[in-house]
Amino acid sequence: MKFELSEKWWQTPLAKSVGLHLALVLGLVISGLNFWPKPTQITLSGEAGSASAEPPPPPPAPVQAVAIDRQVLEQRVAEIQKQQEDAKRAEEQRIRDLERRAQQAERARAQEEARLKRVAEEKRKADEAAAASRRAAADAKKQQEAEAAKAREAEQQRAAREQERKKAEEAAKAAEAKRKAEQEALAKAQAERERQAREQRERAEQERMLQEQLAAEADARRRARAQQAVTEVQRYTAMISDAITRNLIKDESTMRGRSCRVNIRLATNGFVTSVNVISGDRVVCDAAVRAVNRAGTLPMSQDPDVYNQLKDITLTVAPEF
């Protein structure tokens, strides 16, 4: 599991206090190592020896050697005792100084810890104030956003209503225009129907008059044509009769005063398709049939009306002498 600390562990007041005490104890240990002075080597000369750390002076006369060495030793011992007392007083002073500095450090630590607490409290209050300010700003922003959203929604609703109103107006205008256009179209259609009916009546009247005129002209042409056709029929009938007569072999002894009726059917070019005896003298009829067949093609008009009257013709053949 991972723990996250709000600040570095060596920056906490507790860690600083423990470090200060460790520094004081270490200083006392180091100073204790230097408390005692280095031992002085004493060299004794002769029977009593010598107590001087420095090389002894040349020995005096044998009588005074013992007294001088003892005096020097006592003096040296006194100096050592003095040095030890000075060192002890110095060590005591040093310990008092260390204790004083330790107290000062403790007071400084306590003051620093109090300051850090005040700083932390001030920071906490500042953080709380900042958080409150941020919350207030967020709330204000939300309120502004909500008000802006309401304003946008109201504007959208207003725009939608305005658009609906415009659409309704446009629809009404379009409906009115459509109604007017329909009325105009109906009026135009009615006028067009009336015009067409009038024109139709006029055309019908003109057509009637034209038909009457054409009928009169056709009747006149028909009468004229009929008259012409009658004349043409008569003319071609005479020509057919002449053609038969030219090809007829006559015998006066057997044919005088006798006749024969024959029916002849012709093609459009006058070609004889059939010839039949209807009645009459046999000799004349046989001669008439031979005459028609000998002719083969009889005269025929190109006029259809004339042809219709001549395509199935009945003639009387009466030889003349």
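Residues numbered from 1 in each chain as written. Predicted model: local features only at pLDDT ≥ 70, side-chain atom pairs only at ≥ 80, totals over all residues. Heavy atoms only, no water.

### Examining the state of the cysteines
Link 1 in the chain: Under the criterion given, the structure shown has 1 disulfide.
Link 2 in the chain: Disulfide pairing is shown between C260 and C285; the S-S distance is 1.8 Å. Residues C260 and C285 are joined by a disulfide whose S-S torsion is about 105°; by sign, that bridge is right-handed. Pair noted here: C260 is in strand β1 (residues 260–266) and C285 is in helix α4 (residues 282–295), with a separation of 25 residues, a long-range link. (Disulfide = S-S within 2.5 Å. Helix = DSSP H or I, 4+ residues; strand = E, 2+ residues; numbered from the N terminus.)

### Description of the sheet that holds strand β2 (residues 272–280)
Link 1 in the chain: The 3 strands are arranged β2-β1-β3 in an open sheet whose pairing can be described as antiparallel. With one partner strand each, in any of the chains shown, β2 and β3 (312–317) form the two edges of the open sheet. Taking the axes of each pair of neighbouring strands and ignoring which way they run, one obtains an average angle of 25° across the sheet. (Pairing = 2+ DSSP bridges. Axes fitted to C-alpha atoms, helices over the stretch in contact; angles between N-to-C directions.)

### Description of the nonpolar core
Soluble globular proteins tend to pack their nonpolar side chains together in the buried interior.
Link 1 in the chain: Core analysis: the biggest nonpolar cluster contains 28 residues, and I240, I244, V262, I264, L266, L298 and L310 have the highest contact counts within it.
Link 2 in the chain: When residues of this core are assigned to their parent elements, the largest contribution, 7 residues, is made by α4.
Link 3 in the chain: Beyond its immediate chain neighbours, meaning those up to four positions away, V262 contacts V275, N276, V277, I278, A288, I313, T314, L315 and V317. (Core = buried A, V, L, I, M, F, W, Y, C linked by side-chain atoms within 4.5 Å. Buried < 20%, exposed > 50% of the residue type's maximum accessible area, 1.4 Å probe, protein only. Contact = heavy atoms within 4.5 Å.)

### Brief notes about α4
Link 1 in the chain: The end-to-end C-alpha distance of α4 is 20 Å, a good match for the 20 Å that 14 residues give at a rise of 1.5 Å each.
Link 2 in the chain: Along α4, the positions that sit buried rather than exposed are V284, C285, A287, A288, V289, A291 and V292.
Link 3 in the chain: N-cap assignment for α4: the residue whose side-chain oxygen lies 3.1 Å from the backbone N of V283 is D281.
Link 4 in the chain: Downstream of α4 by one or two residues, G296 has phi in the positive range, about 75°. (Expected span 1.5 Å × (residues − 1). Polar contact = N/O pair within 3.5 Å; in protein donor to acceptor, adjacent residues only side chain to side chain.)

### Focus on the pairing of β2
Link 1 in the chain: Summarising the sheet, β1 and β2 pair through 7 bridges and their orientation is antiparallel. Looking at the pairing, L266 lines up with V272 of β2.
Link 2 in the chain: Counting the residues between successive antiparallel strands, the hairpin from β1 to β2 contains 5 residues, one of them, G270, with a positive phi of roughly 95°.

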